[in-house]
Amino acid sequence: MTAPSEAYWLDQLQEDGYCIIPQLVAEQQIAALDADLEAAFAQAPLGKGDFYGHRTKRFGSLLRRSQVAGDLVLQPLVLSLARAILGSACDRIQLNVAQAIAIHPGEIEQFPHCDQDMWAGRKGDHEYLLNVIWPLTEFTRLNGATRIYPRTHRKPVDNLESLDDPIVAVCKPGDAICFLGSTVHGAGRNQTEDVRRGVVIGYSLGWLKPYENLWLAYPPAVAKEFSPELAELAGYVQHRPNLGNFEGQCPSVLLRDEVPEFPQATDSLRPDQKEAVREFAETRRSGR
């Protein structure tokens, strides 16, 4: 049986606001990630606040905790879907978050919300974010599986009473739960005696301030060990024109063995901007 195409999953995302891709990566890969994060899960404190949850653990900086996390960030189908969803509104996408979440027994249902509400910009013209939840343990109806409200990306939600029933994202390690930043969702209640664990990896428009402060999570000494593509997603690249530069240069200069004390400020423009600026400059230099 042929696996569904990228276009199939993209259609589902655009129509329903979410999709669940079964067994996108091997369960052994997810098990390796879970093992890499075991010590961090044990040491991380329970959260503080009714949104984050008092019986839920959260921690970020996953790319320096496990190489497998970086592999998931670069998963080809997911990355292609993120670029298809977000690419019309930005020059390049960026990593928005890489966070581990453990919902412990007794945690209540999370407040239903849209992740795009982090940003105050006008909504409805384009998407801001694509999130992907990778279960580390099986997600069930009883242990807090994510609850997603289909098609809420197409209409504003004025109050919780106006929401229809959610779907419960029951799935296993290796599956990928993808949903738009405009889709209402929330973690479920954990009514079991077991901990529900997963990681969320999110991609956002490259000109937004990301949820996770990438340069503190992955300073140059850490990011220089990343592949060029992963380093770019983690913030070591400019978003044209000239946004996010370091001393007028691409911040990837900080990943070199030798960093000049005074980098040479260099344009980073889109082709249309570069041509317009070139023509203008030529007329001024020629005296026309």
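Everything below is about the structure printed above this text.
Criteria and thresholds
- Residues numbered from 1 in each chain as written.
- Predicted model: local features only at pLDDT ≥ 70, side-chain atom pairs only at ≥ 80, totals over all residues.
- Heavy atoms only, no water.
- Phe/Tyr/Trp six-rings, centres within 6.5 Å; stacked < 30°, edge-to-face > 60°.
- Helix = DSSP H or I, 4+ residues; strand = E, 2+ residues; numbered from the N terminus.
- Buried < 20%, exposed > 50% of the residue type's maximum accessible area, 1.4 Å probe, protein only.
- Polar contact = N/O pair within 3.5 Å; in protein donor to acceptor, adjacent residues only side chain to side chain.
- Disulfide = S-S within 2.5 Å.
- Pairing = 2+ DSSP bridges.
- Axes fitted to C-alpha atoms, helices over the stretch in contact; angles between N-to-C directions.
- Contact = heavy atoms within 4.5 Å.

S.K.: Help me understand the packing of aromatic side chains in this model?
M.R.: Note on aromatic pairs: each is described by the distance of the centres and the angle between the planes. Counting across every chain of the model gives 5 aromatic pairs. Measuring from ring centre to ring centre gives 5.0 Å for Phe41 and Phe59, while their planes differ by 70 degrees; the resulting arrangement is edge-to-face. Of this pair, Phe41 sits in helix H2 (residues 27-43) while Phe59 sits in strand E2 (residues 56-59), and the two are 18 residues apart along the sequence. For Phe59, a relative accessible area of 9% puts it in the buried group. Considering the side-chain rings of Trp119 and Tyr128, the 5.9 Å spacing of their centres and the 15 degrees angle between planes classify their relative orientation as stacked.

S.K.: Can you help me understand the environment of Asn143 in this one?
M.R.: Assignment of secondary structure puts Asn143 in the loop between strand E4 (129-135) and strand E5 (147-148). Sequence separation between Asn143 and Asn131 is 12 residues, and the spatial gap between their C-alpha atoms is 21 Å. Separated by 2.8 Å, the side chain of Asn143 and the backbone oxygen of Glu138 make a polar contact. A polar contact of 2.8 Å, which involves the side chain of Asn143, links it to the backbone nitrogen of Thr140.

S.K.: Looking at this structure, how should I read the state of the cysteines?
M.R.: What we call a disulfide is simply a covalent bond connecting the sulfur atoms of a pair of cysteines. The final tally for this structure, using the stated rule, is 0 disulfides. In this structure Cys19 is a free cysteine whose sulfur lies 4.2 Å from that of Cys178, the closest cysteine sulfur available. Here Cys171 stays unpaired: no disulfide links it, and the sulfur of Cys178, its closest cysteine neighbor, is 10 Å away. Here Cys171 falls in the buried class, since its relative accessible area comes to 4%.

S.K.: What am I meant to see in the sheet that holds E5 here?
M.R.: Across a sheet, paired strands are connected by hydrogen bonds in the backbone, their directions being either parallel or antiparallel. Judged by pairing direction, the sheet is antiparallel, and its 3 strands sit side by side in the order E6-E5-E8 without closing on themselves. Of all strands in the sheet, those bounded by a partner on one side alone are strand E6 (167-168) and strand E8 (185-186). Pairing between E5 and E8: 2 bridges, direction antiparallel. Paired with Arg147 across the bridge in E8 is Gly186.

S.K.: Sorry if this is basic, but what is going on with the sheet that holds strand E9 (residues 196-205) here?
M.R.: Spatially, 6 strands are ordered E1-E7-E4-E9-E3-E2 in an open sheet, and the strand pairing comes out antiparallel. This sheet does not close on itself; its edge strands, each paired only once, are strand E1 (18-21) and E2. If you compare each strand with its neighbour and ignore which way they point, the axes differ by 20 degrees on average. As paired strands, E2 and strand E3 (residues 93-103) are joined by 4 bridges and run antiparallel to one another. Residue pairing in the sheet places Phe59 in a bridge with Ala100 of E3. Set on the sheet, helix H1 (residues 6-16) makes contact with E1, E4 and strand E7 (176-180); between it and E1 the angle comes to about 145 degrees. Its contacts with the sheet put helix H4 (residues 76-86) on E1, E3, E4, E7 and E9, and the angle it makes with E4 is roughly 160 degrees.

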